[in-house]
Amino acid sequence: MAGYCVRLLRVNLSTGEINKENLDTVLAKKFVGGRGLATYLLSQEIDPGIDPFDSANRIIFATGPLTGSRAPASGRYMVVTKSPLSGTIASSNSGGFWGPELKRAGFDLIIIQGKSDKPCYLSIKNSIVEIKDAEKYWGKLVSEATDMLLEEAQDPKARVLVIGPAGEKLTLLASVMNDKYRAAGRSGVGAVMGSKNLKAIVVRGTGTLAPANLDATKEVLKEVRKKIQENEVTSKGLPTYGTSVLVNVINETGIYPTRNFQQAYFETADKVSGEVLAEKYLVRNVACFGCPIACGRHSSIDGVECEGPEYETLWAYSANCGVDDLAAVIRANNWCNEYGLDTISAGATIACAMEMYEKGIIKPDEIDGPPLKFGSSEAIVEWSRKMGAAEGFGAKLALGSYRLAEEYGVPELSMSVKKLELPAYDPRGAQGQGLQYATSNRGGCHVRGYLISPEVLGLPEQLDRFSLEGKAVWVKAFQDLTAVIDSLGLCLFTSFALGAHDYRDMLNAIAGGDWTTDTLLDAGERIWNLERIFNLKAGVLPEADKLPSRLLEEPIPDGPSKGHVHHLAELLPQYYKERGWDEQGIPSGAKLSQLDIV
Amino acid sequence: MVVEIKLFATFRKGRFKTREMEFSDDSSVDALLKRLEIAQKEVGILLVNGRYASATDKLAPHDVVSIFPSLGGG
């Protein structure tokens, strides 16, 4: 069956058993692959109520039917598990080259279960799979561990996925890193790897991936590549500036969260913008597997070259911490990459701590590092390092802003949804984006439905960002389509140029099948509802579909969105209705029957 | 009337970052773009006081006009 290897790898780290199993092709079709299929398998194999660090929890590394194909930007894979940060389903996405390599080794996905009694790593050379000792790599930073593992593999073409010390220490903000700099960043997936004593997965594959219909593939790819080349964002905007060029747009729109969302306009944003990054620190542009967009950026500071910082990272450490020192932001980003930390949650947690410190909630004598003052370059760099190392008060920060603020009795100061820190857009000035934050199945996240695209960037059409009208419809449509793209194994950035029918055509040509746009979007809706059911079974109830009270009650104090709050109470019932859920936000039996996921 | 103009990304090359400019009272955004020699088709996002605007919109005294090429990210 083209598009799929039809093989999955199951590794039990408790027993050392390694099994190669056939993939159920009916299920693969029903849940597409990647995010969708892995969510189904996780839902079947674990009780969603378990402790995420229980050895029974699975961590699944899943490609999609288009991962590694000739489709543009097909380097994506998903890490799916139960999140130790949010208690929800976690599905963190990453690019680079690791996903396609796994596919060429002959596996659609890897299910890791159990727990090793000592540090280990998984070595995959086509069909030869071994669990190897990782004592000498434990404690190593991401770049050093990657280099050492490549040396042991004796194959420079091998691809390395690894956790840093943050994951080893079960830091709830820990990411999974691959190809040194690419991150499956969110939801603490790195800590689940750490809980299983699994340091890395090294993959080398030499197989080929033939499309179902070569002629149709050539034809559809010619068409989609043309669209990507003709689209201003994918052919000029992202290649020229990378994601960091968003800094000034979002700031000038007045939705650039500043000093832990106390403001939404950062006076000196331009000093920490994509324009200045390109002028002073950019070394080169980089692309993931098969990507014509090439939005990646390598920057250099203190003689060290590293990837990023991306837009979200720039925001988390600059405006959100009140810092306008770009060099410090790059250094903080580098610590996150080396220790394996989610840059959004790490920066946002420091911002929360800064507000608590300035309000006298965290006392100076409690902390063993630089004063947590807004605007402090020293604080963002040193506290990032200490969080990564889980050292002193840094270990407390590394549990995320919600647990920090809750411990001090001020959970409302955590700018998070379902305990996952919000990203770089203030929803008070983008109502659809706020609804998407509140309803995202993994919590405060921008890439489950990027409403900023129509509400700010004008793509595919310009919506009034303050209006509530029609936003529930847009949010559902974006969430369902995004679930499809994530499950196919393609990069979400292709959607600036492509529509649902383009994904349908690529899937039919490369993987074979008779998908229509409707059946594909139905699959997206099926995946969304499956994730919702997982969360409900995990005890994350509809009451958690909310935003921090600051965003609902405190009008933005200054800037171009001054005076606005978010109107979630009006939008949420519309959204539940649009989804076919009951008034309490529970998917109805009829809806689940319709989607065939009873 | 005086209008504040902010340029971003490639529009800064050979021009400026921010500048105040004088326009006659009934001028539209279009006149501003012509003065700056920026073609409408090059403009991705055009904000007047932080709100989405089009070339035909009239300018008002002390407006802040921000001009970006097409861009995306996240």
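Treat the numbers as computed from the prediction; the structure is a model and nothing was measured. (Residues numbered from 1 in each chain as written. Chains lettered and ligands numbered in written order. Predicted model: local features only at pLDDT ≥ 70, side-chain atom pairs only at ≥ 80, totals over all residues. Heavy atoms only, no water.)

**Topic: the sheet that holds strand S5 (residues 64-68) of chain B**
Two modes of strand pairing occur in sheets, parallel and antiparallel, and in both the strands are linked by backbone hydrogen bonds. Residues and elements named next belong to chain B. Heads up, the condition is: What makes two strands pair is DSSP finding at least two bridges between them. Helix and strand definitions here come from DSSP, where helices need a minimum of 4 consecutive H or I residues and strands a minimum of 2 consecutive E residues; each element is numbered from the N-terminal end.
Ordered by their spatial adjacency, five strands build an open sheet running S2-S1-S5-S3-S4, and the pairing between neighbours is mixed. Each of the sheet's edge strands pairs with one partner strand only, and the pair in question is strand S2 (18-22) and strand S4 (51-52). Strand direction decides the pairing type here: strand S3 (residues 45-48) and S5, joined by four bridges, are antiparallel. If you follow Leu47 over to S5, its bridge partner there is Ser66.

**Describing the interface of chain A and chain B**
So the rule is basically this: Contacts are assigned to residue pairs that have any heavy atoms within 4.5 Å of one another. When two parts are put together, the accessible area they lose, computed with a 1.4 Å probe and summed over both, is reported as buried area. For this document, the term salt bridge refers to a Lys or Arg side-chain nitrogen within 4 Å of an Asp or Glu carboxyl oxygen. Polar contact is the term for a pair of N or O atoms within 3.5 Å; when the atoms are in protein, one must be able to donate a hydrogen and the other to accept it, and sequence-neighboring residues count only if both atoms are side-chain atoms. Amino acids outside the nonpolar list (Ala, Val, Leu, Ile, Met, Phe, Trp, Tyr, Cys, Pro) and the charged list (Asp, Glu, Lys, Arg) are all regarded as polar, and Gly is one of them.
At the junction of the two partners, chain A supplies 29 residues and chain B supplies 20 residues. Here chain A meets chain B over a buried area of about 2000 Å², counting both sides, of which 60% is carbon and sulfur. If you look at where chain A meets chain B, you find four salt bridges. Here Arg12(B) makes a salt bridge to Asp270(A), at a shortest N to O gap of 2.8 Å. Taken together, chain A and chain B are joined by eight residue pairs in polar contact (both at pLDDT 80 or more). At the level of secondary structure, the elements contributing two or more residues to the side of chain A that touches chain B comprise helix H8 (232-241), helix H9 (246-253) and helix H18 (452-457) of chain A. Grouping the constituent residues of the side of chain A that touches chain B by class yields 15 nonpolar, seven polar and seven charged.

**Quick word on the side chain of Thr482(A)**
All names here are of chain A. We apply this condition: Three exposure classes are used, based on accessible area relative to the maximum for each residue type with a 1.4 Å probe and protein chains only: buried under 20%, partly exposed in between, and exposed over 50%.
Within the fold, Thr482 resides in helix H19 (residues 471-488). Taking the relative accessible area as the measure of exposure, Thr482 reaches 6% and is therefore buried. Setting aside its immediate chain neighbours within four residues, Thr482 contacts Arg35, Val447, Arg448, Gly449 and Leu492.

**Description of the nonpolar core**
Residues and elements named next belong to chain A. For the record, the criterion: Nine residue types can take part in a nonpolar core, namely buried Ala, Val, Leu, Ile, Met, Phe, Trp, Tyr and Cys, and a core is a set of them joined through side-chain atoms within 4.5 Å.
Counting 166 residues, the largest nonpolar core has Ile380, Leu457 and Met506 as its most contacted members. Once you skip the residues sitting within four places of it in the chain, Met506 turns out to touch Leu66, Ala71, Pro72, Val220, Leu221, Val224, Leu490, Leu498 and Ala511. Listed in part, the 28 residues of the second largest apolar core include Val79, Ala90, Trp98 and Cys120.

**Thoughts on the sheet that holds strand S12 (residues 198-204) of chain A**
Residue and element names in this part refer to chain A. Rules: To get an axis, fit a line to the C-alpha atoms, keeping to the stretch in contact for a helix; angles then go from 0 to 180 degrees between the N-to-C directions.
Strand order in the open sheet formed by six strands is S8-S7-S12-S9-S10-S11, with mixed pairing between adjacent strands. Every other strand in the sheet has two partners, leaving strand S8 (128-133) and strand S11 (182-184) as the edge strands with one partner each. Averaged over neighbouring strand pairs, the angle between their axes works out to 20° when direction is ignored. The pairing of strand S9 (residues 159-162) with S12 spans four bridges and is classified as antiparallel. Considered in S12, the bridge of Leu161 is made with Ile201. Sitting on the sheet, helix H4 (residues 142-153) touches strand S7 (120-125), S8, S9, strand S10 (176-178) and S12, and the angle it makes with S9 is about 140°.

**Topic: the pattern of salt bridges**
All told, the structure shown has 46 salt bridges over all chains when counted by the stated rule. Of the charged contacts in the structure, one is a salt bridge between Lys6(B) and Glu252(A), with a shortest N-O distance of 3.1 Å. Here the residue Lys6(B) occupies a position in strand S1 (residues 2-7), and Glu252(A) occupies one in helix H9, the pair thus bridging two chains. A relative accessible area of 11% places Lys6(B) in the buried class. For Glu252(A), a relative accessible area of 7% translates into the label buried. If you follow the salt bridges from partner to partner, you end up with Asp368(A), Glu382(A), Arg385(A), Lys386(A) and Glu391(A) in one network.

**Regarding the side chain of Asp480(A)**
In this fold, Asp480(A) is placed in helix H19. The exposure class of Asp480(A) is buried, given its relative accessible area of 3%.

**A look at the pairing of strand S4 (residues 77-82) of chain A**
Residue and element names in this part refer to chain A. With six of six residues buried, S4 lies mostly within the body of the structure. Side chains Tyr77, Val79 and Thr81 project from S4 onto one buried face, and the interleaved Met78, Val80 and Lys82 project onto a second face that is buried too. Across four bridges, the pairing between strand S3 (residues 59-62) and S4 is antiparallel. Within S4, the position partnered with Ala62 by the bridge is Met78. Summarising the sheet, S4 and strand S5 (residues 89-94) pair through six bridges and their orientation is antiparallel. Considered in S5, the bridge of Val79 is made with Ser92. What sits between S4 and S5 in their antiparallel hairpin is a turn of six residues, with Gly87 showing a positive phi close to 75°.

**Here we look at the packing of aromatic side chains**
As a reminder, the rule being used: Two rings from Phe, Tyr or Trp (for Trp, the six-membered ring) form a pair when their centres sit within 6.5 Å of each other. Planes less than 30 degrees apart are called stacked, planes more than 60 degrees apart edge-to-face, and all others tilted. Here, a charge over a ring is recorded when the distance from Lys NZ or Arg CZ to the ring centre is within 6 Å and its angle to the ring normal is within 35 degrees.
The final tally for this structure, using the stated rule, is 18 aromatic pairs over all chains. Centroid distance Phe31(A) to Tyr40(A): 4.6 Å. Interplanar angle 20°. Geometry classified as stacked. Comparing Phe31(A) with Tyr40(A) shows no difference in burial state: the two are buried. When the ring of Tyr575(A) is compared with that of Trp581(A), the centres are 5.8 Å apart and the planes differ by 90°; the resulting orientation is edge-to-face. Across the pair, exposure class does not vary: Tyr575(A) and Trp581(A) are buried alike. Arg35(B) extends its terminal NZ or CZ atom over the ring of Phe23(B), reaching a point 4.1 Å from the ring centre.

**Quick notes on the domain arrangement of chain A**
Residue and element names in this part refer to chain A. Going by this rule: Where each domain begins and ends is defined by an automated method or by a domain database.
Assigned domains within chain A: domain 1 (7-204), domain 2 (244-421) and domain 3 (427-496 + 516-594). A straight line from the C-alpha centre of domain 1 to that of domain 3 covers 28 Å. Listed per partner, the contact involves 35 residues of domain 1 and 25 residues of domain 3. Taken together, domain 1 and domain 3 are joined by two salt bridges. The residue Glu531 makes a salt bridge to Arg35 at a minimum N-O spacing of 2.7 Å. Here domain 1 is connected to domain 3 by 13 residue pairs in polar contact (both at pLDDT 80 or more). Where the side of domain 1 that touches domain 3 is concerned, the elements lending two or more residues are helix H1 (25-31), helix H2 (34-45), S4 and S5. Among the elements that take part in the side of domain 1 that touches domain 3, H2 stands out by supplying seven residues, more than any other. Partitioning the side of domain 1 that touches domain 3 into residue classes produces 13 nonpolar, 17 polar and five charged.

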